[in-house]
Amino acid sequence: MAELSGKRVVVGVTGGVAAYKAAELVRLLVKAGALVDVALTQSGGRFVGAPTFQALSGRPVWTDLWDARPDNGMAHIDLTRGAAACVIAPATADFIAKLAHGFADDLLSTLCLARDCPLLVAPAMNRQMWEKPATQRNVAQLRSDGIAILGPASGEQACGEEGLGRMLEAADIFEELVGSLQPKRLAGRRVLLTAGPTFEAIDPVRGITNPSSGRMGFALARAFRDAGAAVTLVAGPVELAAPRGVRRVDAVSAEEMRAAVLDALPGQHIFVGVAAVADYRPAGAAAHKIKKSAAPLTLQLEPTRDILAEVAARADAPFCVGFAAESRDLAAYARRKLEEKKLRLVVGNLIQDGLGGETNAVTLFDAAGEHPLPLGDKLNVARDIVSHIADMIDPCTV
Ligand code: C5P
């Protein structure tokens, strides 16, 4: 089933060049099954016209507070009734100021004030306008009013300047919106995860690592955040950006990752070891680059410490989840890991095409048995894993 099927979303478009990205956002929402009502301000319409949004949404576009179409003449009330969310993209500095002060002098500002659904705002403006104390005050006010601020991003701006103020890309806004609609089943919980590979130095320029992309761990961090948890992510060396609102701690070696985990552990309710932590590291990295010669080179390896097993063995252990990526006998290895490391849940996957792919087929192993999850992209698999953990945690206190 499409992610947003049966949901109605109101997209508000105000007057900024980034309005062109709103067209793409509407397309993504419609593709995900949402019914999209676009409300366009007068200046928004100067950048992208109503016919574009009408064609993309397949529905009439709303521009006028005095629109006579609704029987009761109250588009400003009706539009958000029953809507899953309202997202303003782009939101100009002027519109943000209006929102912060509760102005209601056109259709979009009035429907925002009259709304009965969550509001998300994607600012777009010149960097000086973004940095001004007035804008920052207004944005802080929106945050404290419970409005989600998405971005802005940093980069090249339409005016030719560089800096913070660019609107997020449509795909990022879409993802934030979908995330905000997830049930907050883990609200009030704190979750610690590890993700990615580790890198164990052989000498100053070489090391032992593995092709783990970190994507599964980052997707899980996002899924936990979307479920309302406070998330800390200890990441090995990967290029990925941490999801908004997730506290990220970087680590390179297994030993650094262990130290970061132990440091962040107090007060955590759930610990998930997703990282492909090296099991062995060179016994003593060479201080200088090892020079090549015709003779064979033997590296002495020593075992690293198992972070997950150490955390799970503590008297005050949180709810511990491990991953088992195996090339054969998945069920047997996963069950053994569950018992030996004293875990509550093991997420097992049979590696056929190596680590680091886009999709994942996993089976969950817990005390109740085996639960195969449907094949999906890593974010959907992550959401299923989080929902299984929430099912396990709900009846008891962790
Ligand atoms: O025993 P094995 O390495 O197969 O177990 C994998 C699980 O243990 C993963 O959840 C991984 O994150 C965790 N692990 C760990 N520290 C290690 C090795 C593995 O936390 N040194």
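What you see is a predicted model, and the numbers here were worked out from it, not measured in a lab. (Residues numbered from 1 in each chain as written. Predicted model: local features only at pLDDT ≥ 70, side-chain atom pairs only at ≥ 80, totals over all residues. Heavy atoms only, no water.)

Draft legend 1. Spatial organisation of the site of the ligand. The environment of the ligand is made up of 14 residues, and the closest members are Gly 273, Ala 275, Phe 323, Lys 337 and Lys 341. Contact distances for the ligand include 2.9 Å between an oxygen atom and a backbone N or O atom of Leu 308. Starting from 450 Å² of accessible surface for the ligand in isolation, the protein chains cover 84%. Put simply, the parts of the chain that give the shell around the ligand at least two residues each are helix H12 (307-312) and strand E16 (319-326). (Near = heavy atom within 4 Å. Polar contact = N/O pair within 3.5 Å; in protein donor to acceptor, adjacent residues only side chain to side chain. Areas by Shrake-Rupley, 256 points an atom, 1.4 Å probe, with all protein chains shown as cover. Helix = DSSP H or I, 4+ residues; strand = E, 2+ residues; numbered from the N terminus.)

Draft legend 2. Spotlight on the pairing of strand E19 (residues 363-366). Burial along E19 is two-sided: Thr 363 and Phe 365 and Leu 364 and Asp 366, pointing in opposite directions, are all buried. Both strand E17 (residues 345-350) and E19 contribute to a ladder of 4 bridges, which runs antiparallel. The residue bridging Val 346 from the neighbouring strand is Phe 365, located in E19. Pairing of E19 with strand E20 (residues 369-372), which is carried by 4 bridges, proceeds in the antiparallel orientation. Counterpart to Leu 364 in the pairing with E20 is His 371. What sits between the antiparallel neighbours E19 and E20 is a turn of 2 residues. (Buried < 20%, exposed > 50% of the residue type's maximum accessible area, 1.4 Å probe, protein only. Pairing = 2+ DSSP bridges.)

Draft legend 3. Spatial organisation of the packing of helix H1 (residues 19-31) against helix H3 (residues 50-57). Across the interface, H1 lies against H3 with an axial gap of 9 Å and an inter-helix angle of 15 degrees. Overall, the two elements H1 and H3 adopt an arrangement that is roughly parallel. Pair H1 / H3 crosses with right-handed handedness. Residues Ala 19, Ala 22, Ala 23, Val 26, Arg 27 and Val 30 of H1 lie in contact with H3, whose contacting residues are Thr 52, Phe 53, Leu 56 and Ser 57. (Axes fitted to C-alpha atoms, helices over the stretch in contact; angles between N-to-C directions. Parallel < 35°, antiparallel > 145°, perpendicular 65-115°, else oblique. Left-handed = near helix turned anticlockwise from the far one by under 90°. Contact = heavy atoms within 4.5 Å.)

Draft legend 4. Highlighting the sheet that holds strand E3 (residues 85-91). In space, the 5 strands of this open sheet follow the order E2-E1-E3-E4-E5, with parallel pairing throughout. Two strands in the sheet have a free side with no partner beyond their single neighbour: strand E2 (35-40) and strand E5 (148-149). One ladder, built from 2 bridges, connects strand E4 (residues 119-123) with E5; its direction is parallel. Along E5, the bridge assignment pairs Val 121 with Ile 149. The strands that H1 touches are strand E1 (8-13), E2 and E3; relative to E1, the one it contacts most, it runs at about 175 degrees.

Draft legend 5. Here's a closer look at the sheet that holds strand E11 (residues 230-235). Here we have 8 strands laid out as an open sheet, ordered E12-E11-E8-E13-E16-E17-E19-E20, and mixed in their pairing. In this open sheet, the two edge strands, each paired with only one partner strand, are strand E12 (247-250) and E20. With strand direction ignored, the average angle separating the axes of adjacent strands in the sheet is 20 degrees.

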